[in-house]
Amino acid sequence: MSMRAPSSDVPVEFEDVSVLVGPLALLDGITMRIAPGAPTVLIGPNGAGKTTLLRVAMGLIAPSRGRVTWAGRENAPPGRRAIVFQRPAMLRRSAAANIRYALAAAAAPRATRSERIADLLALVGLSGLERRPARRLSGGEQQRLALARALARDPDLLLLDEPTASLDPAATKAIEDIVHSVAARGVKVVMSTHDLGQARRMGDDVALLHRGRLIEHAPVTEFFAMPKTEEAKRFIAGELLV
């Protein structure tokens, strides 16, 4: 991967976006801008709407109301976007073959695929495990392989749904290091987390969601030092939002 020209899918603009399932609002009137630059972190309790927001940003879910644009375009195909879910599925093949499948799906030139596989495995710290069956990798290794598969799309926008939720501290640090490296190469990362420490470490800006609503969105230092809403103050203090 290399530094690229200005992104074709960022900024992402949410304009009064709601996602409704019957009477339930998974997202409720979200207006926010996901700007180019360092990572944006989504926080909030379970059911707050973080995963739904990521799916809408990817284009997997259409808003029930409102509109989403990618660099000013509506209904843009997700050619420059990629998403990694909290529990990514591993194909029944080797680590290298998982990435080869992703490269083929992204229509990467055949002549470059072997080199790209080696580069992506090195980026995520899995060099030497090319032939290991993906399903025999540890949880942390599988998550790193999922990142490599997502990066095979050469995305401008990388969406991560709690990528370290079930990992130990060493595996968590490995994922965070990869995210920092990817962001430094010009990829916009948006990730959700329950971990306020991780939000401080990873985020350039932080968005707090609760019951499908955007409670507060601010630069990370401002959010933690001077939260403007009672919900944010309580969440930072470790209180439960119900």
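Look above for the structure.
Below, the structure is looked at part by part. Bear in mind the structure is a predicted one, so any value in this text is a computation, not a measurement.

1. Some thoughts on the sheet that holds strand E2 (residues 24–34)
The pairing of strands in a sheet comes from backbone hydrogen bonds and takes either a parallel or an antiparallel form.
Here's step 1: Reading across from one edge, E2-E1-E4 is the order of the 3 strands in this open sheet, with antiparallel pairing throughout. On the outer flanks of this sheet lie E2 and strand E4 (65–70), each paired with one strand and no other. Direction aside, the axes of adjacent strands within the sheet are offset by 20° on average.
Here's step 2: Across 7 bridges, the pairing between strand E1 (residues 12–21) and E2 is antiparallel. The residue of E2 that forms the bridge with Phe14 is Met32.
Here's step 3: Sheet contacts for helix H1 (residues 50–58): E1, E2 and E4; angle to E2, the most-contacted strand, approximately 60°.

2. Side note on the packing of helix H4 (residues 139–151) against helix H5 (residues 169–184)
Here's step 1: The contact between H4 and H5 brings their axes to 9 Å, and the two run at 15°. With respect to each other, H4 and H5 are oriented roughly parallel. Judged by the twist between their axes, the crossing of H4 over H5 is right-handed. On H5, the residues that touch Gly140, Gln143, Arg144, Leu147 and Leu151 of H4 are Ala171, Ala174, Ile175, Ile178 and Val182.
Here's step 2: In the contact of H4 with H5, the residues fall into 7 nonpolar, 2 polar and 1 charged.

3. Details of the layout of surface pockets
Here's step 1: By volume, the largest pocket is sized at about 330 Å³.
Here's step 2: Taken together, 17 residues make up the lining of the largest pocket; nearest its centre are Ile83, Ala102, Arg149, Ala150 and Arg153.
Here's step 3: The set of elements that each furnish at least two residues to the lining of the largest pocket consists of strand E5 (81–84), helix H2 (95–105) and H4.
Here's step 4: Per-element tally for the lining of the largest pocket: the top contributor is H2, with 4 residues.
Here's step 5: Its residues assigned to classes, the lining of the largest pocket comprises 14 nonpolar, 1 polar and 2 charged.
Here's step 6: Its boundaries defined by the atoms lining it, the second largest pocket holds a volume of some 220 Å³.
Here's step 7: Every residue lining the second largest pocket is counted, 16 residues in all, and those nearest its centre are Gly59, Ala62, Pro63, Trp70 and Asn75.
Here's step 8: At the level of secondary structure, the elements contributing two or more residues to the lining of the second largest pocket comprise H1 and E4.
Here's step 9: Here the element with the most residues in the lining of the second largest pocket is E4; it accounts for 4 residues.

4. A few points about the packing of aromatic side chains
Ring pairs (aromatic) are described by centroid distance and by the angle formed between their planes.
Here's step 1: The tally for this structure, following the rule as stated, stands at 1 aromatic pair.
Here's step 2: Here the aromatic rings of Phe223 and Phe224 are separated by 5.2 Å at their centres, their planes lie at 90°, and the arrangement is edge-to-face. The same class applies to Phe223 as to Phe224, namely buried.
Here's step 3: Arg81 extends its terminal NZ or CZ atom over the ring of Trp70, reaching a point 4.1 Å from the ring centre.

5. A look at unusual backbone geometry
Here's step 1: The amide bond that connects Val10 to the next residue, Pro11, takes the cis arrangement and shows omega of 10°.
Here's step 2: Looking at the element boundaries, Pro11 is found in the segment before E1.
Here's step 3: Positive phi outside glycine occurs at Asp16, with the angle close to 50°.
Here's step 4: In this structure, Asp16 sits in strand E1.
Here's step 5: If you check the backbone angles, Ala107 has positive phi at about 60° while not being a glycine.

6. Overview of the packing of H2 against helix H3 (residues 113–123)
Here's step 1: Orientation of H2 relative to H3, taken along the N-to-C sense of each, is 120°, at an axis distance of 10 Å. Judged by the inter-axis angle, H2 sits oblique to H3. As H2 packs across H3, the resulting crossing turns out to be right-handed. Here Ala96, Ile99, Arg100, Leu103 and Ala104 of H2 lie close against H3, whose contacting residues are Arg113, Ser114, Arg116, Ile117, Leu120 and Leu121.
Here's step 2: Split by residue class, the contact of H2 with H3 holds 7 nonpolar, 1 polar and 3 charged.

7. A word on the pattern of salt bridges
Here's step 1: Per the stated rule, a full pass over the model turns up 11 salt bridges.
Here's step 2: The salt bridge partner of Arg67 is Glu15, with a shortest N-O separation of 3.0 Å. Residue Arg67 is located in strand E4, and its partner Glu15 is located in strand E1; the two are separated by 52 residues in the primary sequence.
Here's step 3: Its relative accessible area of 31% is what places Arg67 among the partly exposed residues.
Here's step 4: Each of Asp9, Arg73 and Arg81 takes part in salt bridges that share partners, so that together they form one network.

About the criteria used
- Residues numbered from 1 in each chain as written.
- Predicted model: local features only at pLDDT ≥ 70, side-chain atom pairs only at ≥ 80, totals over all residues.
- Heavy atoms only, no water.
- Pairing = 2+ DSSP bridges.
- Helix = DSSP H or I, 4+ residues; strand = E, 2+ residues; numbered from the N terminus.
- Axes fitted to C-alpha atoms, helices over the stretch in contact; angles between N-to-C directions.
- Contact = heavy atoms within 4.5 Å.
- Parallel < 35°, antiparallel > 145°, perpendicular 65-115°, else oblique.
- Left-handed = near helix turned anticlockwise from the far one by under 90°.
- Nonpolar A, V, L, I, M, F, W, Y, C, P; charged D, E, K, R; others polar.
- 1 Å grid on protein atoms, 1.4 Å probe; cavity = no way out; pocket = protein on both sides within 12 Å on 5 of 7 lines; lining within 4 Å.
- Points joined across faces, edges and corners; volume = space filled by probe spheres on them.
- Phe/Tyr/Trp six-rings, centres within 6.5 Å; stacked < 30°, edge-to-face > 60°.
- Buried < 20%, exposed > 50% of the residue type's maximum accessible area, 1.4 Å probe, protein only.
- Lys NZ or Arg CZ within 6 Å of the ring centre and 35° of its normal.
- Salt bridge = Lys/Arg side-chain N within 4 Å of Asp/Glu carboxyl O.

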